[in-house]
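Spelled out, the chains give:
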Amino acid sequence: MNWKTDRLSATYYDRAVQSPVVSRIAARLLWNYDIDHLRQSIAAQDPSALTLDIPCGGGIAVDKNPRHVAADLSGTMLKRARRKTNTLLQADIYALPFGPSTFDACLTYNGLHCLPDPAAAIGELARVLRPGGTLRGTTIVRGAGRDPLIRVLQRQGSFGNPGTMTDLESWLTAAGLTDIDLTRSGAVTGFTARK
């Protein structure tokens, strides 16, 4: 059973993420993470930018802005996000259905660590970014004191192949991104980079 596709698990996960109190406590206990970093990153979005948000999950970064395209592979998560927007698309982060240089910004919050090949996902996000566009996101990293928990989640099928902060920086660089800024809080690293 995979929490990303199991409806009941996805519902509980989404409710926890959407609750300011529960998400703050869970982020601190599980990952030693100050979730205000995530909320600040979301608030820093330019509402006029044509933005791709993948995986959008239940829609934590989604609003009614028609220039914000929320995408996820999970139909369950898209149903949850629908309460916040109608600009939804079921899409695979490894094969985005957009031409090169489509978006002003790409967001990928709390999803890269679930993927078997985060570097390929970053490469695909960079492909659809316009020159000067911004990639912004968060991911759980190894080497930050939570590796035993990461291994448990990998065995359960909830996590893919999270890297270290050094890996993340090299993935961003290899995708042709520059002006890389990494901010770690516990086992979570927030990042921004430009194309």
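Residues numbered from 1 in each chain as written. Predicted model: local features only at pLDDT ≥ 70, side-chain atom pairs only at ≥ 80, totals over all residues. Heavy atoms only, no water.

As for its position among the elements, Pro131 is in strand β5 (residues 129–140). Here the alpha-carbon distance between Pro131 and Phe103, two residues 28 residues apart in the chain, equals 9.3 Å. Beyond its immediate chain neighbours, meaning those up to four positions away, Pro131 contacts Ser101 and Lys195. (Helix = DSSP H or I, 4+ residues; strand = E, 2+ residues; numbered from the N terminus. Contact = heavy atoms within 4.5 Å.)

Attention shifts here to the confidence of the model for the protein chain. On average, the protein chain scores 89 in pLDDT, and the residues at 70 or more come to 91%. With pLDDT under 50 throughout, residues 1–5 is counted as low confidence; its partners more than four residues away or in other chains account for 14 contacts. (pLDDT = per-residue confidence, 0-100.)

What the seven strands build is an open sheet, ordered β3-β2-β1-β4-β5-β7-β6; its pairing is mixed. A single partner strand is all that each edge strand has here, and the edge strands are β3 (88–90) and β6 (178–185). Between one strand and the next, the sheet's axes are offset by a mean angle of 15 degrees, whatever the strand orientation. The pairing of β6 with strand β7 (residues 188–194) spans six bridges and is antiparallel. Bridge assignment links Asp181 to a residue of β7, and that residue is Thr192. (Pairing = 2+ DSSP bridges. Axes fitted to C-alpha atoms, helices over the stretch in contact; angles between N-to-C directions.)

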